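# Report on the structure
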Number of protein chains: 4
Amino acid sequence: MDLGHKQFCLISDCEDRVGIVARTTGFFAEQGVSIAQANQYVESDDGRFFMRYLVSADAFVGDHTDFAQKFEPIAAEFQMNCRVVDATRLQRVVVMVSKHDHCLAHLLHRWKGGDIRCDIPGVISNHESLRDLVEWYGIPFHHVPVPSDEAGRKAAFEKTAELIDELTPDTIVLARYMQILPPWLCERYRHQVINIHHSFLPSFAGAKPYSQAQDRGVKLIGATCHYVTAELDAGPIIEQDVVRIHHSDSIADLKRYGKDVENLVLARGLRYHLENRVLVHGNKTILFDR
Amino acid sequence: MDLGHKQFCLISDCEDRVGIVARTTGFFAEQGVSIAQANQYVESDDGRFFMRYLVSADAFVGDHTDFAQKFEPIAAEFQMNCRVVDATRLQRVVVMVSKHDHCLAHLLHRWKGGDIRCDIPGVISNHESLRDLVEWYGIPFHHVPVPSDEAGRKAAFEKTAELIDELTPDTIVLARYMQILPPWLCERYRHQVINIHHSFLPSFAGAKPYSQAQDRGVKLIGATCHYVTAELDAGPIIEQDVVRIHHSDSIADLKRYGKDVENLVLARGLRYHLENRVLVHGNKTILFDR
Amino acid sequence: MDLGHKQFCLISDCEDRVGIVARTTGFFAEQGVSIAQANQYVESDDGRFFMRYLVSADAFVGDHTDFAQKFEPIAAEFQMNCRVVDATRLQRVVVMVSKHDHCLAHLLHRWKGGDIRCDIPGVISNHESLRDLVEWYGIPFHHVPVPSDEAGRKAAFEKTAELIDELTPDTIVLARYMQILPPWLCERYRHQVINIHHSFLPSFAGAKPYSQAQDRGVKLIGATCHYVTAELDAGPIIEQDVVRIHHSDSIADLKRYGKDVENLVLARGLRYHLENRVLVHGNKTILFDR
Amino acid sequence: MDLGHKQFCLISDCEDRVGIVARTTGFFAEQGVSIAQANQYVESDDGRFFMRYLVSADAFVGDHTDFAQKFEPIAAEFQMNCRVVDATRLQRVVVMVSKHDHCLAHLLHRWKGGDIRCDIPGVISNHESLRDLVEWYGIPFHHVPVPSDEAGRKAAFEKTAELIDELTPDTIVLARYMQILPPWLCERYRHQVINIHHSFLPSFAGAKPYSQAQDRGVKLIGATCHYVTAELDAGPIIEQDVVRIHHSDSIADLKRYGKDVENLVLARGLRYHLENRVLVHGNKTILFDR
């Protein structure tokens, strides 16, 4: 849909009560903005109300911060956690990767073709091997090796964090980055770091999930896109999918099938995130996927 | 979710302009009803705006017709096609079937367990063979044979229509009813007759779709749930799904796989319809599936 | 395919070496039987060779035991674990169930329609509630309550085992039987007891898997059909599948979706088992699914 | 599985009778080759028997033509259509493409990573735009514009055919090549030209399938990989898959989802073909997919 030149996305959550939507959409009508997408959800466990509105705001004089300011009294009235973002502004996404190139290649190809809309100010890797690929897309490549000794690791992640901070990302994507981020770094970019894990979590967390899957004899393997938290592979899940396997498939076959599932799950999860469709609630996500 | 004792569903479409949602949800707030489910959609081709609201209306004094009457000025202002239904009232669903029993058995089992919420005042068949099954569920079974000669067919469908009219259905389900309804009967119950066709339409419309599928050598077969119109297998599609097949599968195998797909597609389509989640727009459906 | 009146199924495993297939199919040719289905697999880890042949044996004078006897020298030569079964003989399947009726209803409907080919000499339940359903299909229903105290449980399972032994089953299906079988009973019918677990194992083993799934916030739920072993929900997996869920789905919704997945996974798993397509190897299955 | 250094693949079809497998595998045993993969199928309609064997042939003295020659008496005895290929030799695959780059990028990425095993002696396009991508992979790029006038088209395809002949391909892949090949060229490379069509055939053959799909209001879209024949989009189907869509998806959304399905279906279809797993029988394929 053609949304015009100015689009704002309002995302908020608050305790449910009568009138939230009426007041919010009444405000939209007063401001002359039209609703392009609307999502809402009440969590029955705790009565928390979540909403997301994408509005076409060409008729509004001012930018998204002005809009947020004008909305502030309503947000205050309902004690909302609320943010308004400029939906036309491209987020800055830093990608981290190790040696496996499939997720990176898929993201970059989709990014170049306009299917994943963001800026990519840089790719960080603990190996040199993917420099050519990244630079072919005109993106700066940063090599930060991660030694295996504790002191080396510590220094490496301090350097990594510095580099990330300089790139001022909105979002960090671990596109098969095979190092565990230190908790303080996860915390600094809370709900901004997206990982792809090559299993259908919570099964087969940790190392070598395809081997674990084959050992258990499962008939489907999967991939999970989730926000990174201090606990390994235990953060809020954004998206998952699976693919059927066969007893005759080798580990190499599983890895080959897995590449496609990982690519698709990560790309879908990242798109949802970039379009402000993922709201974290406790250790779960509200996913306004359409 | 516990919706309280009184629930209304408002479904409407009108030309899109600023303020529809604000006025509608403002009305809800004034009446003290809370929004349990909200769906909206603008068709970009023609600027038509569709919405569906399920509201918890215990605080409202009056029934759904009173509610509709109070909403009337807003509906008029926006020139809405609008209806308000009592969402707690069970629809009356007449099921028609021939000899294949799988869709019928699936529907009745799911109906008995409360997964498909409706009343079933009767089952009509052109054969006697499924009487036992239907009566085991305590549902009246009506046998109306359909002869192959034109005069006999005509009489049979007049009798069928009479019987249907007496059962005062909201919805008619053709659960593998292997006769073509006359156009005047389709028209009388326009967008109220749901058929399950055992192919992934538009491929393999008409007779013997599984044979057609095998002749063409497709690698997946499917089923389609759609509203019945005068043109055979060409009405608005509600739901579809597919299943993978193999070159070694016989027609009997395809029919066996197909049973599961038909069952699931019909049950999902019917649920969507019964929950007022399907809005017909031209020859397509707007499906507010969640 | 029309297999004629006499069909044998030969299933065997042995150490891989050159000549096994040649000797086996050479034997078939000598006996004048034709191969209808052939499956073979070498496990690369341990070099174990598995094969399954379904043969049309009208030209063979004698029954499947005569056939096995004639094959004995070849089986001995390659030190095969080998069995020949009469593929036209219907297996005897005892079904055990508690209160959830969906898997039972699906199996019985498919059995009556000829899609699941077996004899069902009896259904055993720890509740009375499904007697009507079972007896409508003309199958004896046995009620064996299982008390919660240890002594009561012990006695109940002794009675259950006696009853099972009298029914002389080839296979026992736990179609949502909500009791844990004692290890000695699992052992007595080793690789003959099939369970349906309502999660995608190894995730969410044990009690209340749908609640566990919702708590973890997964985006797909599943079902697993497996052989029962002494360790709960840890036996060799025969078949699995999943279905997509949404953050707005309640536990009741998950259970409703789950019914379809459970039904299909159990029915497929049981069919594979009845057609001798499942070969257990350690804690995994070789599944010759076509 | 490690197949050793010498591997042959024998593919044949003949009229079914007792002894084909015995004689064939007996021959393998005599030659000391071991069976790595075995597939067989009898078409019940016409009694045609198809088989495919992959054998580890390190113990055989000679190459695949010697092996074929030794097998010749058996092939003659059963009047087989038979070919033996050197399964370690990489096929030569010429890729043709227009402007859409997703299938090409996916194939090249997978080819570079070793997931699609073949040589790619050249890419031919009727546009210049994908030269950079192709050359980054070190593959020669040939630009052959196809004018819209009849004479220009004729000349262009003569030049194209010449170029193809020089590249001596085993297989030609149309990876979204938006021109219709002339019948004489299809015939010259019969059952060697693989196309990806962006619909679930036979629905929506011809131009603009995503628009056709949206106009009809289907709930799933798909892709089809098939051999090219003189009749447009009507050749033997190798592989198909689908993805769910929503009423709110624009044509651009359908194209975006479609890219993934097209990529996966084409890559799977091509792999099957390269591993000699696809046997054409009339207008259908026997697909020995595992």
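Worth saying up front: this structure is predicted, and the values here are computed from it rather than measured. (Residues numbered from 1 in each chain as written. Chains lettered and ligands numbered in written order. Predicted model: local features only at pLDDT ≥ 70, side-chain atom pairs only at ≥ 80, totals over all residues. Heavy atoms only, no water.)

### Thoughts on the interface of chain C and chain D
In many reports, interface size means the accessible area that the parts give up when they come together. Spelled out, the test is: Here, residues are in contact when the closest pair of their heavy atoms is within 4.5 Å. We define buried area as the total accessible area lost by two parts upon association, computed with a 1.4 Å probe and summed across both. By definition, a salt bridge exists where a carboxyl oxygen of Asp or Glu is found within 4 Å of a side-chain nitrogen of Lys or Arg. Two N or O atoms form a polar contact when they lie within 3.5 Å of each other; inside protein one atom must be a possible hydrogen donor and the other a possible acceptor, and for residues adjacent in sequence the pair counts only when both atoms belong to side chains. To qualify as a helix, a DSSP run of H or I must reach at least 4 residues; to qualify as a strand, a run of E must reach at least 2; elements of each kind are numbered from the N terminus. For this scheme, ten residues count as nonpolar: Ala, Val, Leu, Ile, Met, Phe, Trp, Tyr, Cys and Pro. Four count as charged, namely Asp, Glu, Lys and Arg, and the remainder, Gly too, count as polar.
At the interface, 15 residues of chain C touch 15 residues of chain D. Three residues, Val18(C), Gln40(C) and Arg290(C), lead the burial of chain C against chain D; their summed loss comes to 31% of the area buried on that side. For the interface between chain C and chain D, the tally reads two salt bridges. Measuring nitrogen to oxygen at the nearest pair gives 2.6 Å for the salt bridge that ties Asp289(D) to Arg290(C). Here chain C and chain D share three residue pairs in polar contact (both at pLDDT 80 or more) between them. Looking at the side of chain C that touches chain D, the elements that each hand over two or more residues are helix H1 (20-31) and strand S2 (34-43) of chain C. Element by element, the count of residues in the side of chain C that touches chain D is highest for H1(C), at five residues. Residues of the side of chain C that touches chain D, tallied by class, amount to seven nonpolar, six polar and two charged.

### Focus: the side chain of His247(D)
Looking at the secondary structure, you find His247(D) in the loop between strand S11 (237-244) and helix H8 (251-274). A polar contact of 2.9 Å, which involves the side chain of His247(D), links it to the backbone nitrogen of Leu287(B). Residue contacts for His247(D): discarding those within four places in its chain leaves Tyr41(B), Thr285(B), Ile286(B), Leu287(B) and Phe288(B).

### Some words on the relation of the copies chain A and chain C
This is how it is decided: Copies are brought into register by a least-squares superposition over C-alpha atoms of residues with pLDDT of at least 70 in both.
Once chain A is rotated about the relating axis by 180 degrees and shifted along it by 0.0 Å, it coincides with chain C to within an RMSD of 0.0 Å. Both chain copies can therefore be described as sitting about a two-fold axis. When C-alpha positions in chain A are compared against the rotation axis, the closest is assigned to Ser203(A), at 2.6 Å. Most of the interface of chain A is mirrored in chain C, where 100% of its interface residues again form contacts.

### Some words on helix H5 (residues 150-167) of chain D
For an α-helix, 3.6 residues make a turn, and residues three or four places apart therefore share a direction. Residues and elements named next belong to chain D. The criterion, for reference: A helix is expected to reach a length of 1.5 Å times the quantity of its residues less one. Only protein chains enter the accessibility calculation, which uses a 1.4 Å probe. A residue is then buried if its area is under 20% of the maximum for its type, exposed if over 50%, and partly exposed in between. This arc is built from the directions going out from the helix axis to the C-beta atoms.
For H5, with 18 residues, the first-to-last C-alpha span of 26 Å sits near the 26 Å given by 1.5 Å per residue. When we look at burial in H5, the residues that qualify are Gly 152, Arg 153, Ala 156, Phe 157, Thr 160, Ala 161, Leu 163, Ile 164 and Leu 167. Burial along H5 is one-sided: seen end-on, the buried residues are contained in an arc of 170 degrees. Of the residues in H5, the exposed ones pointing more than 90 degrees away from the buried face are Ala 151, Lys 154, Glu 162 and Glu 166. On its buried side, H5 packs onto strand S5 (92-97), strand S6 (119-125), strand S7 (141-143), strand S8 (171-174) and helix H6 (183-188). Looking one or two residues beyond H5, the residue adopting positive phi is Thr 168, at roughly 40 degrees.

### Quick notes on the pattern of salt bridges
Within the structure shown, the criterion is met by 76 salt bridges over all chains. For Arg131(B), the salt bridge identified is with Glu128(B), shortest N-O distance 2.7 Å. Its salt-bridge partner being Asp115(D), residue Arg110(D) comes within 3.6 Å of it at the nearest N-O pair. Here the salt bridges do not stand alone but share partners, grouping Arg110(A), Asp115(A), Lys259(D) and Asp260(D) into one network.

### What to know about the confidence of the model for chain A
Cut-off, in case you're wondering: Values of pLDDT, the confidence the predictor places in each residue, fall between 0 and 100.
Scored by pLDDT, chain A comes out at a mean of 96, with 99% of its residues at no less than 70. Across the whole predicted complex the pTM is 0.97, and at the interface the ipTM reaches 0.95.

### Topic: the sheet that holds strand S4 (residues 81-86) of chain B
Residue and element names in this part refer to chain B. What counts, and what does not: Any two strands with at least two DSSP-identified bridges between them are counted as paired. Only the contacting stretch of a helix is used when fitting its axis, a line to C-alpha atoms as for every element, and angles between N-to-C directions run 0 to 180 degrees.
Here four strands make up an open sheet; going across it, the order is S2-S3-S1-S4 and the pairing antiparallel. Edge positions in the sheet fall to strand S2 (34-43) and S4, since each of these pairs with one other strand and no more. Strand-to-strand twist in this sheet, taken as the mean axis angle between neighbours without regard to direction, amounts to 10 degrees. Sheet analysis places S2 next to strand S3 (residues 48-56), joined by nine bridges and oriented antiparallel. By the bridge assignment, Tyr 41 is partnered in S3 with Phe 50. Running at roughly 160 degrees to S4, helix H2 (residues 64-77) makes contact with strand S1 (7-15), S3 and S4 of the sheet.

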